[in-house]
Amino acid sequence: MSSVSEVDAVLDPTAYFGGVAPLSQSAGYLVVLGFGALFSFLTTNIVMFNRAFSGTMETSENFNTAGRMVKTGLTASVVVSQWTWAATLLQSSYVGYAYGVSGPFW
């Protein structure tokens, strides 16, 4: 268990970056919205190029089922990963609370 002083050190607003934010609020919004717009633009263009050059119309069913070409091994790995993600998330949250920000990385 961690002592009270370790928890207080983690909750102290000056513990990280010396109390100064690494980016201004406007720069943070610019990064988030800029990357969102960039990836939306890229995805839209890829879909448009796919329609123009391959002549196929991808439906959501075809996308979600990979054209019904998914084999048993990949299906099994997806099931296992869906069963284990909650335990992994809860454990990493506990370690982060107990040992600080770098805890879940170790």
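## Here's the deal with helix H4 (residues 72–99)
Point 1. The end-to-end C-alpha separation of H4 is 40 Å, in line with the 40 Å expected for 28 residues at 1.5 Å each.
Point 2. For H4, the principal kink sits at Thr 84 and spans about 35°.
Point 3. Of the positions making up H4, those classed as buried are Val 95, Gly 96 and Ala 98.
Point 4. Gly 100 sits one or two residues past H4 and shows a positive phi near 100°.

## Some remarks on helix H2 (residues 25–54)
Point 1. The end-to-end C-alpha distance of H2, which contains 30 residues, comes to 43 Å, matching closely the 44 Å that a straight helix rising 1.5 Å per residue would cover.
Point 2. Immediately beyond the C-terminal end of H2, within one or two residues, lies Gly 55, with a positive phi of roughly 75°.

## Thoughts on the layout of surface pockets
Point 1. Approximately 160 Å³ is the volume attributed to the largest pocket.
Point 2. Taken together, Ile 46, Val 47, Asn 50, Arg 51, Thr 56, Met 57, Glu 58 and Phe 63 make up the lining of the largest pocket.
Point 3. Element by element, the count of residues in the lining of the largest pocket is highest for H2, at four residues.

## Quick look at a nonpolar patch on the surface
Point 1. A surface patch of nonpolar side chains, about 1100 Å² in accessible area, is lined by Leu 23, Tyr 29, Val 31, Val 32, Leu 33, Phe 35, Leu 38, Phe 39, Phe 41, Leu 42 and Ile 46.
Point 2. Position of Leu 38 relative to the elements: it lies in helix H2.

## Comments concerning the packing of aromatic side chains
Point 1. Taken as a whole and assessed by the stated rule, the structure comprises two aromatic pairs.
Point 2. Aromatic side chains Phe 35 and Phe 39 sit 6.1 Å apart centroid to centroid with 20° between the ring planes, which places their arrangement in the stacked category. Within this pair, Phe 35 and its partner Phe 39 are both found in helix H2, separated by four residues, close to a single helical turn.
Point 3. Relative to Phe 53, the ring of Phe 49 has its centre 6.0 Å away and its plane inclined at 25°; by these criteria the two rings are stacked. On the criterion of helical spacing, the pair formed by Phe 49 and Phe 53 is a turn pair, its members being four residues apart in helix H2.
Point 4. On the basis of relative accessible area, Phe 53 is assigned to the exposed category, the value being 69%.

What counts as what
Within any chain, residue numbers begin from 1 and follow the written order of that chain's sequence. In keeping with the predicted nature of the model, local features appear solely for residues at pLDDT of at least 70, side-chain atom pairs appear and are counted solely at 80 or more, and the whole-chain, interface and lining totals rest on all residues. The basis for every side-chain value is the complete set of non-hydrogen atoms in the structure, without hydrogens or water. The way it works is that DSSP assigns letters per residue, a run of H or I at least four long becomes a helix, a run of E at least two long becomes a strand, and they are numbered from the N terminus. The span expected for a helix works out to 1.5 Å for each residue beyond the first. The seven residues ending at a residue and the seven starting there each receive a fitted axis; the angle between those axes is the bend at that residue. Throughout, exposure labels follow a simple rule: accessible area from a 1.4 Å probe, protein chains only, divided by the maximum for the residue type, with under 20% read as buried, over 50% as exposed, and the rest as partly exposed. For cavity detection a 1 Å grid was placed over the protein atoms alone, and a set of points counts as a cavity when a 1.4 Å probe fits there but cannot get out; an open set counts as a pocket when protein lies on both sides within 12 Å along at least five of seven lines, with lining residues being those that have an atom within 4 Å of a point. Grid points are joined across faces, edges and corners, and a volume is the space filled by probe spheres set on the points. Patch membership requires over 30% relative accessible area and the absence of a salt bridge. Like charges are linked within 9 Å, and nonpolar side chains (Val, Leu, Ile, Met, Phe, Trp, Tyr) within 5 Å. Shrake-Rupley sampling with a 1.4 Å probe provides the accessible areas, and residues are treated as covered by the protein chains on show and by no other component. Put simply, a salt bridge is a Lys or Arg side-chain nitrogen that is within 4 Å of an Asp or Glu carboxyl oxygen. Between rings of Phe, Tyr and Trp, where Trp is taken as its six-membered ring, a pair exists when centres lie within 6.5 Å; planes separated by under 30 degrees are stacked, by over 60 edge-to-face, and by other angles tilted.

No statement about biological role is implied by the geometric values presented.
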